[in-house]
Amino acid sequence: MNRLTRSLFFLVMAFLYIPMVVVVLFSFNHSLHSLIWHGWTWQWYSKLWHDALLAKVTWHSLCLGFSAAFISTVLGAVVSYSLYRYRFFGRRLISGLLIVLIVIPDLVMAIALMILFRSAHVSFGFVTLFLAHVSFCLPFSVMVISNRLSDLNPQLLLAAEDLGASLWQQWWWVMIPAMRSALLVSALLSFMLSFDDVVISFFVSGPNYVTLPLHVYAMAKLGANPEINALCSLLLLLTVAVVLISQRLLGKKT
Amino acid sequence: MSVSLNGNIKEGLFHWHGLHYRELFQPLYARLLWQSFEFSFVTTLTCVLLGYPVALALATMPKRWKPICLMLLLIPFWSSSLVRIYALLTLLKAKGLINGALLYLGIIKMPLPLLYTKVAVIIGQVYTLLPFMILPIYVLLDEYDSSWIEAAKDLGASSTQLFWRIFWPYSLPAVGSGVMCVFLPAMTLFYIPSLLGDRSSLMLGNVIQEQIMNQDNWPGGAATSLLLTAALLVFTLVYRALFHKKRGGRLG
Amino acid sequence: MKKSLLGLFLLFHAAFAMAKPTLYVYQWINSIPDSVYKQFTKETGVPVDVSYYESNEAMYAKLKGNPSLAYDVVFPSSYFIKRMVKAHLLDHIDSSIMTHTQGIYKKFIHQPFDPNNDYSYPLTWGMTGIAVNDKYIPLSKITAWKDLWSPSYRHQVLWLNDIREPFSVALIRLGYSVNDQNPTHIKQAYALLKKGLPNVKVINADAMESMFIDEDVFLGMAWSPDTYQASQSNPHIHFVIPKGRYPLWLGCMAIPQGSRHPKLAMTLLNFLLRKDISAQIITGMGYAVTNQEAVKSLPISWQEKRFVNPSKSLLARGEIEGDVGDKARQWYEHYWLELRLSV
């Protein structure tokens, strides 16, 4: 059985990786419209580099990713802290709702947010994207940070309080150092989620603020071409980097 | 955020009197819903059949290899699913690698129509969602106590018995959450059928997208997504009834 | 925290607040080449920012959903103009600014959907015909619309994902006008299309070009410029103009309400109609343009192409897709959804 499962493991890995490897490989292919090898080239990458529209949507995605990651981590820290520190009415409801937000399909959340924004007459653009991204990142931030906090000895905060530390001092000297790696992971996770999101952004974006994945979708709908291969390769590279970094961060903690 | 959910429901109720819910009960939608179910079911089943042994292999892997193999799994998990679907698209094309290889080897004379078929949609869904099945099962199996195996072996259990009597019941809740992570997204990831499917491979997600983006039929889209939410609710309840009770029973 | 949040907003919005007068153009993918806009910027100093849409419906939904978008120029198809005017989405065009209109084919102006060209001017036009890859299907076999229904092409045909095109084809086959508003006729067209469904492999418009180039599809309804572009990459692809009538569409230019620089936008519209600029649209993307003088300034190889320089009789066979009114449109939409979603 062991041998069987293990060979299946490698087969599945091959299934998962072959398409990605092919895309990366053929992003260096000289020919425009076929998978026959015509020699190495960097031209698709240099074309991407000079693509003004791509630069714009990448900038949009970066802005959105960083701001959503920052705010959702800050909010996540506050929410986790309150859940950890205080026992209040509705505490379980809040944690339950956060879990619902994680399991709910993207599409349902997208429609809900879109209807909300539309009925509130918010015009679609950065603001709607930002609010939507924070709301789907927040539950993950809370989960990551709460996990870390549950390992934290509550006596520590009580001791700080007894020693006369103000709330800010408690945060600055106790909470933030204790949560540091979790905060980083949360920010990284939120950034990745925001940077990858297609479904929710699709419904809450305005045409003046298109994000990178939406641009990729629009291009992919036109069919395959080596420029998208190059773009996808870069995005895959980014993912690999982020996974490696976060493994490092998590590895240090445990 | 809870407000947004409420907003959805309110909008839905608001239009209760309208045609939009009656629309949903037309045979057209019933067939579509059924087809979405079929697609998701096949995808989920394939994911369980492939994902379980992989998770098992990963969990029983020697310590030295485990971190690397886990990493290999995490990369597709974290990569943009759109990018991965695009990658699959280039592979399945008439002039893609698979057809190219088969033609080169002389196995076929004409390229097989792989892309723009229902099978392509299933492959795409499995490809995207498989890591979401493997990981929860792996996390649970990884925690198993190796002394069980030894105890069972000492008692003369064969490896099939070992699997069906120990691993399978133990990991059932994880399989359940894996199913949750696969089944519902499979119905909603509208870009998989729209990039890989033929004319009639449509999922519930495509209907919603079509209604809202191209027909300006917001209430209709809201009604359809409410239907999806209801499906989610039913699913969660079934899941809870199946697994939580069992667990409680065993512990009690 | 409030401060940092505010700071972030300010940071990201500063980039937009500084904007000089820029024209925001919302156009079909692969329609007007960037070089044209570059030249406009060179001549007037006004930068042009282009975003793309892939269907009239998507464009309409976006404009209607967010009136604050402030696009300056859009390119609706002929049959969408009246609907947009009725929905108060389009602004008046000042005809005194439009000085390059004398070259436009008589057939294309003063159409019933905009009798005085108050809201729109046609810039490009095209035929809906059949694209065939002769590696798989001999060209001689495809001559008429009914060939798309032939049982020998089961699960092979592409239909354009554009509500009017398949209906126009069916209505032509039935001998009705492509702008027919009679519900019974529309229903008959629907029945005819439904009979053709088993032949349909995909219903798509955006990826049509790449599907043909990469030979994932080798037969289907097609637009002339897209097919021309595809044939540049794959010489096996041919554009067949079927016997009898064919649907003819106009790519119109219009100015959405809410445009911040309507006067400037009109200058751009007029600029696009200019002979040398229109000629660039022909050579850049293979679009036929409404200014008949543009093609005459091009090399003979272009003048020989029937889809950019049609004979009188060929042009006469084309039937312009115009407005059908709200009531008939709802029938079209109803039956189209039924066709799209039938499994």
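Since we're looking at a predicted model, the values are computed, not measured.

As for the overall build of chain A
Item 1. Secondary structure summary: chain A contains eleven helices and zero strands in total.
Item 2. Seen in sequence order, chain A has helices and strands lined up from the N terminus as α-α-α-α-α-α-α-α-α-α-α.
Item 3. With the principal axes as the frame, chain A shows a C-alpha extent of 75 × 55 × 35 Å.
Item 4. Expressed as a percentage of its 254 residues, the buried residues of chain A come to 53%.
Item 5. Across chain A, the fraction of contacts at a sequence separation of at least 24, relative to all contacts at a separation of at least 6, is 72%.
Item 6. By element, 71% of the accessible surface of chain A is carried by carbon and sulfur atoms, the whole surface being about 12000 Å².

Points about the environment of Thr99 of chain C
All names here are of chain C.
Item 1. With respect to the helices and strands, Thr99 occurs in the loop between α4 (78-86) and β4 (120-133).
Item 2. Taking relative accessible area as the criterion, Thr99 reaches 44% and is therefore assigned partly exposed.
Item 3. Through-space distance from the C-alpha of Thr99 to that of Asn270 is 6.6 Å; in sequence the pair is 171 residues apart.
Item 4. In this structure the side chain of Thr99 is engaged in a polar contact, spanning 2.8 Å, whose partner is the side chain of Asn270.

Here's the deal with the side chain of Asn229 of chain A
Item 1. Inspection of the secondary structure puts Asn229 of chain A in helix α11 (residues 226-253).
Item 2. For Asn229 of chain A, a relative accessible area of 8% gives the class buried.

Points about the interface of chain B and chain C
One widely used convention gives an interface's size as the accessible area the parts lose upon coming together.
Item 1. Residue-level contacts link 25 residues of chain B with 26 residues of chain C.
Item 2. Among the residues of chain B in contact with chain C, Leu28, Tyr116 and Arg199 of chain B are the three that bury the most area, contributing 29% of the side total.
Item 3. Across the pair Asp216 of chain C and Lys93 of chain B runs a salt bridge whose closest N-O atoms are separated by 3.2 Å.
Item 4. Within the side of chain B that touches chain C, the residues separate by chemical class into 13 nonpolar, five polar and seven charged.

Some details on unusual backbone geometry
Residues and elements named next belong to chain C.
Item 1. Even without glycine at this site, His88 takes up a positive phi of about 60°.
Item 2. Within the secondary structure layout, His88 lies in the loop between α4 and β4.
Item 3. Given a relative accessible area of 57%, His88 falls into the exposed group.
Item 4. Within the chain, Glu215 stands out as a residue other than glycine whose phi angle is a positive 60°.
Item 5. Taking relative accessible area as the criterion, Glu215 reaches 5% and is therefore assigned buried.

Remarks on the packing of aromatic side chains
Item 1. Applying the stated criterion to the full structure yields 44 aromatic pairs over all chains.
Item 2. With centroids separated by 5.4 Å and ring planes inclined at 65°, the aromatic side chains of Phe37 of chain B and Phe183 of chain B adopt a geometry described as edge-to-face. Residue Phe37 of chain B is found in helix α3 (residues 27-59), and its partner Phe183 of chain B is found in helix α9 (residues 159-188); the two are separated by 146 residues along the sequence.
Item 3. Judged by its relative accessible area of 33%, Phe37 of chain B is partly exposed.
Item 4. Residues Tyr26 of chain C and Tyr53 of chain C carry aromatic rings whose centres are separated by 4.8 Å and whose planes lie at 70° to one another, so their mutual orientation is edge-to-face. Pair noted here: Tyr26 of chain C is in strand β1 (residues 23-28) and Tyr53 of chain C is in strand β2 (residues 48-53), with a separation of 27 residues, a long-range link.
Item 5. Cluster of aromatic residues (ring-pair linked, three or more members): Tyr26, Trp28, Tyr53, Tyr71, Trp223, Trp249 and Tyr287 of chain C.
Item 6. Seen from the ring of Tyr332 of chain C, Arg164 of chain C lies directly overhead, with NZ or CZ sitting 5.6 Å from the centre.

Let's talk about the confidence of the model for chain A
Item 1. Scored by pLDDT, chain A comes out at a mean of 86, with 95% of its residues at no less than 70.
Item 2. Least confident of the elements in chain A is helix α4 (residues 91-103) of chain A, whose mean pLDDT is 79; most confident is helix α3 (residues 52-85) of chain A, at 92.

Focus on the interface of chain A and chain B
Item 1. At the junction of the two partners, chain A supplies 61 residues and chain B supplies 66 residues.
Item 2. At the surface where chain A touches chain B, the tally comes to zero salt bridges.
Item 3. Where chain A meets chain B, there are five residue pairs in polar contact (both at pLDDT 80 or more).
Item 4. For the side of chain A that touches chain B, the secondary structure elements donating two or more residues are α1 (2-26), α4, α5 (106-119), α6 (126-149), α8 (167-196), α9 (199-204), α10 (212-221) and α11 of chain A.
Item 5. Take the side of chain A that touches chain B: its biggest share by element is 15 residues, from α1 of chain A.

Remarks on the packing of helix α5 (residues 81-92) of chain B against helix α6 (residues 97-104) of chain B
All names here are of chain B.
Item 1. Their axes nearest at 5 Å, the elements α5 and α6 cross at an angle of 25°. As judged from the angle between their axes, α5 and α6 are roughly parallel. From α5, Thr90, Leu91 and Leu92 reach across to α6, where they touch Leu97, Ile98 and Asn99.
Item 2. Among the residues making up the contact of α5 with α6, the classes are represented as four nonpolar, two polar and no charged.

Focus on a positive patch on the surface
Item 1. Taken together, Lys146, Arg173, Lys195 and Lys243 of chain C make up a surface patch of like positive charges.
Item 2. Assignment of secondary structure puts Lys146 of chain C in the loop between β4 and β5 (157-159).

A word on the nonpolar core
Item 1. Membership of the largest hydrophobic core comes to 273 residues, with the highest contact counts inside it found for Phe203 of chain A, Tyr191 of chain B together with Phe75, Phe167 and Leu272 of chain C.
Item 2. A total of 14 residues in this core trace back to one element, the largest contributor, which is helix α7 (residues 118-141) of chain B.
Item 3. Among all residues touching Phe75 of chain C, those that are not within four sequence positions of it are Val25, Tyr26, Gln27, Trp28, Ile32, Tyr37, Tyr53, Asn56, Leu123, Cys252, Met253 and Leu272 of chain C.
Item 4. Membership of the second largest hydrophobic core comes to seven residues, among which are Leu28, Leu32 and Val207 of chain B together with Leu341 of chain C.

A closer look at the pattern of salt bridges
All names here are of chain A.
Item 1. One pass over the structure, following the stated rule, counts 15 salt bridges over all chains.
Item 2. For the salt bridge of Glu227 with Lys47, the shortest nitrogen-to-oxygen distance reads 3.8 Å. Of this pair, Glu227 sits in helix α11 while Lys47 is found in helix α2 (residues 43-49), placing the two residues 180 residues apart along the sequence.
Item 3. Judged by its relative accessible area of 43%, Lys47 is partly exposed.

Section: the environment of Val295 of chain C
Residues and elements named next belong to chain C.
Item 1. Topologically, Val295 is positioned in helix α11 (residues 292-296).
Item 2. Residue Val295 is classed as buried on the basis of its relative accessible area, which comes to 1%.
Item 3. For the pair Val295 and Asn66, spaced 229 residues apart in sequence, the C-alpha to C-alpha distance is 38 Å.
Item 4. Apart from residues no more than four positions distant in its own chain, Val295 is found in contact with Ile282, Trp302, Gln303, Val308 and Asn309.

Digging into a nonpolar patch on the surface
Item 1. Side chains of Tyr86, Phe88, Ile94 and Leu167 of chain A sit close together on the surface and give an oily, nonpolar patch of about 350 Å² of accessible area.
Item 2. With relative accessibility at 46%, the residue Leu167 of chain A sits in the partly exposed group.

Thresholds, definitions, all that
Counting restarts for each chain, with residues numbered from 1 along the sequence as it is written. Each chain is given a letter, starting from A, and each ligand a number, starting from 1, according to the order in which they appear as written. Given that this is a predicted model, residues contribute local features only at a pLDDT of at least 70 and side-chain atom pairs are listed and counted only at 80 or more, while totals for whole chains, interfaces and linings are drawn from all residues. Each side-chain value is derived from all of the structure's non-hydrogen atoms; neither hydrogens nor water enter the calculation. To qualify as a helix, a DSSP run of H or I must reach at least 4 residues; to qualify as a strand, a run of E must reach at least 2; elements of each kind are numbered from the N terminus. Accessible area is worked out with a 1.4 Å probe on protein chains only. A residue is then buried under 20% of its type maximum, exposed over 50%, and partly exposed in between. When checking whether two residues touch, look at their non-hydrogen atoms; a contact exists if any pair is within 4.5 Å. Working definition of accessibility: Shrake-Rupley area with a 1.4 Å probe, residue cover restricted to the visible protein chains. N or O atoms within 3.5 Å of each other form a polar contact, as long as, within protein, one can give a hydrogen and the other can take it, and as long as residues adjacent in sequence are counted only when both atoms are side-chain atoms. The quantity reported as buried area is the accessible area (1.4 Å probe) lost by two parts once they are put together, taken as the sum for both. By definition, a salt bridge exists where a carboxyl oxygen of Asp or Glu is found within 4 Å of a side-chain nitrogen of Lys or Arg. Polar here means any residue other than Ala, Val, Leu, Ile, Met, Phe, Trp, Tyr, Cys and Pro, which are nonpolar, and Asp, Glu, Lys and Arg, which are charged; Gly is therefore polar. For this analysis, a ring pair means two rings from Phe, Tyr or Trp (six-membered ring only for Trp) whose centres lie within 6.5 Å, classed as stacked if their planes differ by under 30 degrees, edge-to-face if by over 60, and tilted for the remaining angles. By definition, being over a ring means that NZ of Lys or CZ of Arg is both within 6 Å of the ring centre and within 35 degrees of the ring normal. Each residue carries a pLDDT score, the predictor's own confidence in it, on a scale running from 0 to 100. An axis is simply a line fitted to the C-alpha atoms; with a helix, the fit covers only the stretch in contact. Between two such axes, the angle follows the N-to-C directions and lies from 0 to 180 degrees. Roughly parallel means an angle under 35 degrees; roughly antiparallel means over 145; roughly perpendicular covers 65 to 115; every other angle is labelled oblique. For patches, a residue must show more than 30% relative accessible area and have no salt bridge; joins then use 9 Å for like charges and 5 Å for nonpolar side chains, namely Val, Leu, Ile, Met, Phe, Trp and Tyr. None of His or the chain ends enter the tally, which takes Lys and Arg as positive and Asp and Glu as negative. Charged side chains are reduced to one point each, which is NZ for Lys, CZ for Arg, CG for Asp and CD for Glu. Joining through side-chain atoms within 4.5 Å is the link that ties buried Ala, Val, Leu, Ile, Met, Phe, Trp, Tyr and Cys residues into a set, and such a set is a nonpolar core.

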